[in-house]
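Working through the structure, step by step
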Amino acid sequence: MSTLIPRRDPFAEFDALVRRAFGPSPVRFPRPDSGSTPAADVTRDGDDALVSLEVPGLDPASDVHVDVEEGRLVVHGERRDERREDADGRRFREVRYGSFRRSFALPQHVTADAVSATYEAGVLKVRVAGAYAEPRKPGVTSIPVQVTTAELPAQEAEKGSERE
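Being a predicted model, the structure only gives us computed values, none of them experimental.

As a further point, take the overall build of the protein. Counting secondary structure elements, the protein contains two helices and seven strands. Element order for the protein, N to C, with α for helix and β for strand: α-β-β-β-β-β-β-β-α. Counting over 164 residues, the protein shows a buried share of 18%. Considering only contacts in the protein between residues 6 or more positions apart, those separated by 24 or more positions represent 55%. Accessible surface computed for the protein: about 14,000 Å², of which carbon and sulfur atoms make up 51%.

Given below as structure tokens:
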């Protein structure tokens, strides 16, 4: 009695493995709220850090937010862009929307008071004052000694008596 055993083709199995691992990936449509991540550039300006983000077409007063959260600079917002055209009996409508969020680690000595932001020509510039400055050593604070004017006449009186 003979049993039919299918022959394995190791080359076909290997080919299938490679196709699964490196073949074309299935098309994945972005979620409506995924938005896009704005391009960012971090540069040094003296002791300050300057973070520039490209966010064209956004209203900086309502669509863009700059926060300091748990030692991180967080820039987040929402893009709502809708364009319609009607020409020659044809209608064209394009809608782009979604949220974005970029986060950058801050040095421990930087507080929210050191952060300022400006928006011009589609570029959000966030300045972090003192980001590259040397942090002060903990526990060592120099206090200047001020001389009060009430002590000066007494010292001059002593000097005057020495002259006599």
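This paragraph deals with the pattern of salt bridges. A full pass over the atoms with the stated rule returns four salt bridges. A salt bridge links R127 to D48; its shortest N-O distance comes to 3.3 Å. Here R127, found in strand 7 (residues 123-128), pairs with D48, found in strand 2 (residues 48-54); they are 79 residues apart in sequence, far enough to count as distant. Its relative accessible area of 28% is what places R127 among the partly exposed residues.

On to the nonpolar core, then. Judged by nonpolar contacts, the single largest core of 18 residues is most densely connected at L73, V75, L124, V126 and V128. In contact with L73, not counting residues within four places along its chain, are V51, V66, D67, R102, S103, F104, L106, V115, V126 and V128.

If you check helix 1 (residues 10-22), its first and last C-alpha atoms are 18 Å apart, about what 13 residues at 1.5 Å a residue would give, namely 18 Å. Taken across its 13 residues, helix 1 has zero buried, putting it largely on the surface.

Let's shift gears to the sheet that holds strand 7. The four strands lie next to each other as 1-2-7-6, forming an open sheet whose pairing is antiparallel. The outermost strands of the open sheet, each flanked by one partner alone, are strand 1 (40-45) and strand 6 (115-120). Each adjacent strand pair in this sheet contributes to an overall mean axis angle of 20°, direction not counted.

On to the pairing of strand 2, then. Within strand 2, six of the seven residues are buried, which leaves the element mostly enclosed by the surrounding structure. Looking at chain direction, strand 1 and strand 2 are connected through six bridges and run antiparallel. Within strand 2, the position partnered with A40 by the bridge is L53. Between strand 1 and strand 2, which follow one another and run antiparallel, lie two residues, and G46 among them has a positive phi close to 70°. Pairing of strand 2 with strand 7, which is carried by six bridges, proceeds in the antiparallel orientation.

Before going further, it helps to examine the sheet that holds strand 4 (residues 72-87). Within the open sheet, the three strands sit side by side as 3-4-5. Their pairing is antiparallel. Two strands bound the open sheet, and with one partner strand each, they are strand 3 (64-69) and strand 5 (90-105). For this sheet the average axis-to-axis angle between neighbouring strands, irrespective of direction, equals 10°. Relative to strand 5, strand 4 runs antiparallel, the two being bridged by 16 bridges.

Here we take up the environment of G77. Examined against the element boundaries, G77 turns out to sit in strand 4. Put simply, G77 and R101 are 24 residues apart on the chain and 6.7 Å apart in space, counted from C-alpha to C-alpha. Excluding residues within four positions of it along the chain, G77 makes contact with D63, V64, G98, S99 and F100.

Definitions and limits used
Throughout, a residue's number is its position along its own chain's written sequence, starting from 1. Since the coordinates come from a predicted model, pLDDT governs what is reported: local features require at least 70, and pairs of side-chain atoms require 80 or more to be given and counted, while whole-chain, interface and lining totals use all residues. In computing side-chain properties, one takes all heavy atoms of the structure into account and sets aside hydrogens as well as water. Strands here are runs of E lasting at least two residues and helices are runs of H or I lasting at least four, both read from the DSSP assignment and numbered beginning at the N terminus. Throughout, exposure labels follow a simple rule: accessible area from a 1.4 Å probe, protein chains only, divided by the maximum for the residue type, with under 20% read as buried, over 50% as exposed, and the rest as partly exposed. Residues are treated as being in contact if the distance between any of their heavy atoms lies within 4.5 Å. In these tables, accessible area is a Shrake-Rupley quantity obtained with a 1.4 Å probe, and a residue counts as shielded only by the protein chains included in the view. By definition here, a salt bridge exists when the distance from a side-chain nitrogen of Lys or Arg to a carboxyl oxygen of Asp or Glu is within 4 Å. In these notes, a set of buried Ala, Val, Leu, Ile, Met, Phe, Trp, Tyr and Cys residues joined through side-chain atoms within 4.5 Å is what counts as a nonpolar core. One less than the residue count of a helix, multiplied by 1.5 Å, gives the span that helix is expected to have. Between any two strands, pairing holds if DSSP finds at least two bridges. The angle between two axes is taken between their N-to-C directions and runs from 0 to 180 degrees, where each axis is a line fitted to C-alpha atoms and a helix contributes only its stretch in contact.

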